[in-house]
Amino acid sequence: MSDRPNVLVLVFDTLRADAPSCYDGAFSVETPAFDRVAARGTLFESAFAVGPWTPPSHGALFSGRYPNDTGFDGAWPTMPESVPLLAEWFADRGYRTVGIPGPAKMGSATGLDRGFEEYYEVYEEVAERPSLAYLRQFATDPLVRRDGVRLVGEGNDYFTEIKFEKLREWLGDSPEPFFAMANLTTVHAPYDPPRPYKQEATPELSRPRFGLVEELLDRLGSSNSPCEFDDPAVDDDRLFRAADGAGATSIALRYFEDPESLSPAELAVLREWYGASLRYLDDRLGAFLDWLDRAGLADDTVVVLTSDHGEAFGEHDALYHGNFLYDEITRVPLVVAGPGVPAGERRTDLASHVDLFATLCDICGLDAPETEGASLFGDFEREAVFAAEAPSDPRDRDAASEVSEATLREFAVGRKSIRTDEYRFESRSDGTEILYELPGESVVPDADESLPEVVADLRERLVETLGAEFDDAGSAGAAEAEYTEGVERNLRELGYLE
């Protein structure tokens, strides 16, 4: 056993902070494995991402610095080589490093693979399922073969178990200490957990007997959907399109313009399927934690459970994530457990992803680079957290011609936000400002007149931390990006391309 602890960071992509049962939120889903880690560690009730989607959140999580400092923002950014990254920092100090990205938005093309000895990009490594190339892999690769068996019987698990298997393969043979990271997109749209999770959540759903049949028929398009939902309040086409997440921005544009484009019953089903996806993820997490125990690694491993952002299900007329900086989207679960970490604690003070770099260095007894965060187990206590989203252009989306200019502006505008325990203040690239009162984020009318000192103070602190300018260079880079077949397939599956 090493005299320095191992580090395992698991990023559960798109997991809302109020979803795991240990958070006692309104969304709460029973998550015994997540709760098990929280019971032996420290749970942060008010942790926040620095952005509403994959690129800015992972850039800050890996670097400990805000997007305006690194330039890692927009749809397809590149991390400057001058910025130290977590894996690189730990590798230089004797750690073996392995990583598994989730969306291609955090893949090797962005530079976030720097410092990882191995970076397993499953969308590049595993052929499209099903296909002739996939069948060839099925015949020669045991990992793919087990995935295929799951696909045939239970349906698509979006590589959840393959990623846990790769971690077991690496860490079981790894000389300690190690630094490992994996992003799992299990609860990211499509909201489509394997059987029996989805069926148990909504018995009204009828579907083909075998998961592979459903997968093949789904490729024929929504008009030939192999599934039916037995509820007169639910329109099958609308429900399955929204659950699939393909064309997510267009669906979100239409919903923001007209919340009746999805019925309350359809939104309720989406929440049920999201919750069922989390139950499946938690079961796989539990099996992995059991393996850590059997492998003799649990007592010497710092485990971090977090998310890169949350998900909206109609709150503030928003769907999915990206664009908006509301709590449902930027508040994330954060649990840290392992050697040197207080057990059974719940912290209500504010925490940010930029604090993770310094925190892990502190726990592991390593020196740390200069970051914009501080160790969560030190003396520093945050008074505010910050988030930002670069300007974007939704006019290339299918729904752009169907919605108003006001809706397009809401999705195009860049945002910067400072959040305290009482208020959230947002500055926008169109020059407007909004003060929200917490909890609930209700807009404070005429805030400049009713609360001038609060507005002035928050504005000053926001500009001091995130700057006053809005940079959309990352979005421009996305238009010029050349995607590999695997990356394009991944981006379309997750709704980033239409």
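Preceding this paragraph is the structure being described.
Below is a summary of the structure that appears in this document. Numbering of residues starts from 1 in every chain and runs along the sequence as written. This being a predicted model, a pLDDT of at least 70 is required before a residue's local features are given, and a value of 80 or more before pairs of side-chain atoms are given or counted; all residues contribute to the totals for chains, interfaces and linings. The side-chain values count all of the structure's non-hydrogen atoms but skip hydrogen atoms and water molecules.

**Digging into the sheet that holds strand β15 (residues 423-428)**
Ordered by their spatial adjacency, five strands build an open sheet running β13-β14-β15-β16-β17, and the pairing between neighbours is antiparallel. Every interior strand has two partners, whereas the edge strands, β13 (385-389) and β17 (442-443), have only one. As paired elements, strand β16 (residues 433-437) and β17 share two bridges and run antiparallel to each other. Bridge pairing in β17 places Tyr436 opposite Val443. At least two bridges found by DSSP between two strands are what make those strands a pair. Counting from the N terminus, the helices are DSSP H or I runs at least four residues long and the strands are E runs at least two residues long.

**A look at unusual backbone geometry**
The residue after Ala189, namely Pro190, is reached through a cis peptide bond having omega 5°. Residues Arg195 and Pro196 are joined by a peptide bond in cis, for which omega reads 0°. With respect to the secondary-structure elements, Pro196 resides in the loop between β5 (178-184) and α9 (197-201). In the Ramachandran plot, Phe159 falls in the positive-phi region, its phi being about 65° despite a non-glycine side chain. By the element assignment, Phe159 lies in the loop between α7 (142-153) and α8 (160-172). The phi dihedral of Asp317 is positive, around 60°, even though this residue is not glycine. On the basis of relative accessible area, Asp317 is assigned to the partly exposed category, the value being 33%. Here the term buried applies to any residue with accessible area under 20% of the maximum for its type, exposed to any over 50%, and partly exposed to those in between, with areas from a 1.4 Å probe on protein chains only.

**Focus: the pairing of strand β1 (residues 6-12)**
When you tally the buried positions in β1, you get seven out of seven residues, the bulk of the element. Burial along β1 is two-sided: the residues Asn6, Leu8, Leu10 and Phe12 and Val7, Val9 and Val11 are all buried. Here β1 pairs with strand β8 (residues 301-306) via six bridges, running parallel. Directly across from Asn6, in β8, lies its bridge partner Thr301. As paired elements, β1 and β5 share six bridges and run parallel to each other. Directly across from Val9, in β5, lies its bridge partner Met181.

**Details of the side chain of Ser277**
Tracing the backbone through its elements, the reader meets Ser277 in helix α13 (residues 264-294). Setting aside residues up to four positions removed in sequence, Ser277 forms contacts with Thr186, Val187, Tyr191, Asp192 and Pro193. In what follows, a contact means two residues having at least one pair of non-hydrogen atoms within 4.5 Å.

**A closer look at the packing of α8 against α13**
Angular values range over 0 to 180 degrees, each being the angle between N-to-C directions of two axes fitted as lines to C-alpha atoms, with helices fitted over their stretch in contact. Look at α8 against α13: their axes get within 10 Å of each other, and the N-to-C directions meet at 15°. The angle between the axes of α8 and α13 places the two elements in the roughly parallel class. The two elements α8 and α13 meet at a crossing, and its hand is right-handed. Here Thr160, Glu161, Phe164, Leu167, Arg168, Leu171 and Gly172 of α8 lie close against α13, whose contacting residues are Tyr280, Leu281, Arg284, Leu285, Phe288 and Trp291. Think of it as three bins: nonpolar holds Ala, Val, Leu, Ile, Met, Phe, Trp, Tyr, Cys and Pro, charged holds Asp, Glu, Lys and Arg, and polar takes everything else, Gly as well. Broken down by class, the residue content of the contact of α8 with α13 amounts to eight nonpolar, two polar and three charged. Here the angle decides the label: under 35 degrees means roughly parallel, over 145 means roughly antiparallel, 65 to 115 means roughly perpendicular, and every other value means oblique. Handedness of a helix crossing follows the sense of rotation of the near helix relative to the far helix, less than a right angle counterclockwise being left-handed and clockwise being right-handed.

**Examining the packing of aromatic side chains**
We call Phe, Tyr and Trp rings a pair once their centres come within 6.5 Å, taking the six-membered ring for Trp, and we label the pair stacked below 30 degrees between planes, edge-to-face above 60, and tilted otherwise. Using the criterion set out here, one finds 26 aromatic pairs in the structure. The interplanar angle of 75° and the centroid separation of 5.9 Å between the aromatic rings of Tyr66 and Phe386 together place this pair among those described as edge-to-face. Of the two residues, Tyr66 sits in the loop between α2 (54-63) and α3 (67-70) while Phe386 sits in strand β13, which places them 320 residues apart along the sequence. By relative accessible area, which is 8% here, Phe386 ends up buried. The interplanar angle of 40° and the centroid separation of 5.6 Å between the aromatic rings of Tyr191 and Phe313 together place this pair among those described as tilted. One end of the pair, Tyr191, is in the loop between β5 and α9; the other, Phe313, is in strand β9 (residues 312-313), and 122 residues separate them in sequence.

**Considering α13**
The span one expects for a helix is its residue count, reduced by one, times 1.5 Å. Its 31 residues give α13 an end-to-end C-alpha distance of 45 Å, which sits within 8% of 45 Å, the value for a rise of 1.5 Å per residue. A positive backbone phi angle near 75° is found at Gly296, which sits one or two residues after α13.

**With respect to a nonpolar patch on the surface**
Patches in this entry comprise residues that are over 30% relatively accessible and not in a salt bridge; like charges within 9 Å are linked, as are nonpolar side chains (Val, Leu, Ile, Met, Phe, Trp, Tyr) within 5 Å. For every accessible area listed, the method is Shrake-Rupley and the probe measures 1.4 Å; residues are considered covered only by the protein chains on display. Just to be clear on terms, a salt bridge is a Lys or Arg side-chain nitrogen sitting within 4 Å of an Asp or Glu carboxyl oxygen. Residues Val152, Phe210 and Val213 make up a contiguous nonpolar surface patch of about 240 Å² in total accessible area. Its location among the elements puts Val213 in helix α10 (residues 211-218).

**Focus on a negative patch on the surface**
Lys and Arg are tallied as positive, Asp and Glu as negative. Neither His nor the chain termini are counted. One atom stands in for each charge, and that atom is NZ of Lys, CZ of Arg, CG of Asp or CD of Glu. Together, Glu204, Glu228, Asp230 and Glu272 make up a region of like negative charge exposed at the surface. Summarising the element assignment, Glu272 is placed in helix α13.

**Some details on the pattern of salt bridges**
Under the counting rule described, the total for this entry stands at 38 salt bridges. Where Arg93 meets Asp367, a salt bridge forms, and the shortest distance between an N and an O atom there is 2.9 Å. One end of the pair, Arg93, is in the loop between α4 (86-91) and β3 (96-100); the other, Asp367, is in the loop between α15 (356-364) and β13, and 274 residues separate them in sequence. Take Arg93: its relative accessible area is 23%, and that puts it in the partly exposed class. Taking the shortest distance from any N to any O, the salt bridge between Arg150 and Asp157 comes out at 4.0 Å. Assessed through its relative accessible area of 15%, Arg150 is described here as buried.

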